[in-house]
Amino acid sequence: MTKWLLSALALCFSLTYASHDLPAKQVAIIGAGAAGSSTAYSLRNAINDATPLNITVFERAPYVGGRSTTVNVLDNPAYPVELGASIFVNVNYNLVNATRDLGLSVQSASYERPKESPDQIGVWDGEQFVFVLQDTYSWWNVAKLIWRYGWAPVRTQSLMKRTVQSFLRLYDAPLFPFASLSAAAEAIGLLDATAAPGQSFLSDNGVAADFARDVIQASTRVNYGQNLPLIHGLEAMVCMATDGAMAVSGGNWQIFDRMLRASRADVHLNHTVTAIRRSAADDDDSWIVAVDTPSGRASYVFDEVVIAGPLQYTDIQITPGLAQPPDEIPFVTLHVTLFASPHRLSPQYFHTTQPVPETVLTTLPRDTDLGSSKKGVGPAGFWSISTLRTVDMVMDDGRVEQQYVYKIFSPERVTASFVRDILGLNSTAASDAAAIGDLPTHDISWSHEKTWRPYPFLYPRVTFEEPVLAPGLWYTGGIESFISTMETSALMGKNIAALMAQSWPGQDEVSLGDDPVDRTEL
């Protein structure tokens, strides 16, 4: 009996040892933004114990979060504001679930607004406010919209909900995980929306031109720097899905930081991947990744590599060359200007006698037709100006002065004279060439400027880059020209994680996680 027991124990030990003695899968993820962080997090959650896993993340920036990052107003950590991706919404299930599961606190996106103006949102065409709203969700505004635009707002809401319901089919089996984004987009019936310019898509669905120009186009401009004749219909609808806009307290970048921590990934910041090449051995399917590190150049060997960002901006050399390289897609250049000032926006500049709305969106005048031109800002000269919050500044004499924090989106760098004009100050004190940092500190106490390439020009199209570039080489960037948001980048990361895990022996049934969010609200 003792001999049998010892033999059984030995057998159990040998089986247990064998299951953990398998070589660990080595996965590299290039990019620590929404897509890369979601890939790491979802892969760790998807696999079962049959496969040991090591995840390495390379990020060339000194921070996690990609386009989601914060800066501190007045260089005070108590006053963080978003420099990039600012909000997510109720239907962004990956982000909503992650904030819940990772223990993050969220708040309304407008929580810190001063709310000193009776009108919260105004749409300006460069000459006048064509429309203002007091509170986006009030019944008064619904009545006001219908009185002004007829049934166009109702038709838009219905069209948006149908479009979002179709898109959400990508989240569930049998479509998820999808090996082809183009095929998946066709299966859910959204190619008609991506094939048509937003202007045509809305017209074909009975949305009146005035409402499209004044309201929907104002949204496509602030979100994507594009007018309705240029941007495709699907992305125009995404801009209208704004219910429950929220943000993580202290910055949305924390979602992706927590994802990486939960994935137990080995994260290397300030590491730039320069080359990826297939192993030369005939029986070896691994990839050799060359990286410029702060201490020099290094090479690593991985079983799988994920490029989690637009390939065209990585300057990565891939060997052998790809049979079907991703399209080079032009991206929008967006200038973001943050500044603090004791002055309010000037009613005189905006040709009004009322206090200026705290969020100023822009559109084109009715007699202006820029077609599908990429340079579509028009007479307004900027995409949006938002009053984000107030902060307290301690002056040299000990007084505490309230400062308003503003955020400008524009296609060009803003000048000092423009800033003085919108604040109603004496513009003769600043030359046309002066920058915002040249203004006196009693007018502009703090400023920060950033130039992004945050999203592509979303031209109408019906095919999209696929998740697999080559065996073991994955790509998240194809979803950018379909829908470009934090949520969709996270979705593609989760999709690639599922496809990758399912391709490994012993991982035929992977865990994709629970999604208890109630979708009936749509």
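Structure: see above.
Fair warning: this is a prediction, and the values are worked out from it, not measured in the lab.

Draft legend 1. Representation of the packing of aromatic side chains. In this structure the tally under the stated criterion is 19 aromatic pairs. Centre to centre, the rings of W124 and Y349 are 5.8 Å apart; their planes meet at 40 degrees, and the pair counts as tilted. With W124 in strand 6 (residues 121-124) and Y349 in the loop between strand 15 (334-341) and strand 16 (359-362), this pair connects stretches of sequence that are 225 residues apart. Considering the side-chain rings of Y349 and F418, the 6.2 Å spacing of their centres and the 85 degrees angle between planes classify their relative orientation as edge-to-face. Note that Y349 is positioned in the loop between strand 15 and strand 16 and F418 in helix 12 (residues 416-423), a separation of 69 residues in sequence. The ring of F131 has K144 sitting right over it, with the charged end atom 5.4 Å from the ring centre. Sitting above the plane of the Y313 ring, R453 keeps its charged end 3.7 Å from the centroid.

Draft legend 2. Molecular detail of the pattern of salt bridges. With the rule as written, the count across this model stands at 16 salt bridges. The shortest N-O distance in the salt bridge between D210 and R213 comes to 2.4 Å. Separated by 3 residues within a single helix, D210 and R213 lie in helix 9 (residues 209-224), roughly one turn from each other. Looking at D210, the relative accessible area reads 37%, which means it is partly exposed. R213 is the salt-bridge partner of D214, the closest N and O atoms lying 3.7 Å from each other. With a relative accessible area of 0%, D214 lands in the buried category. Judged by relative accessible area, which is 16%, R213 ranks as buried. If you follow the salt bridges from partner to partner, you end up with R148, D210, R213, D214 and R366 in one network.

Reading the values: rules and limits
Residues numbered from 1 in each chain as written. Predicted model: local features only at pLDDT ≥ 70, side-chain atom pairs only at ≥ 80, totals over all residues. Heavy atoms only, no water. Phe/Tyr/Trp six-rings, centres within 6.5 Å; stacked < 30°, edge-to-face > 60°. Helix = DSSP H or I, 4+ residues; strand = E, 2+ residues; numbered from the N terminus. Lys NZ or Arg CZ within 6 Å of the ring centre and 35° of its normal. Salt bridge = Lys/Arg side-chain N within 4 Å of Asp/Glu carboxyl O. Buried < 20%, exposed > 50% of the residue type's maximum accessible area, 1.4 Å probe, protein only.

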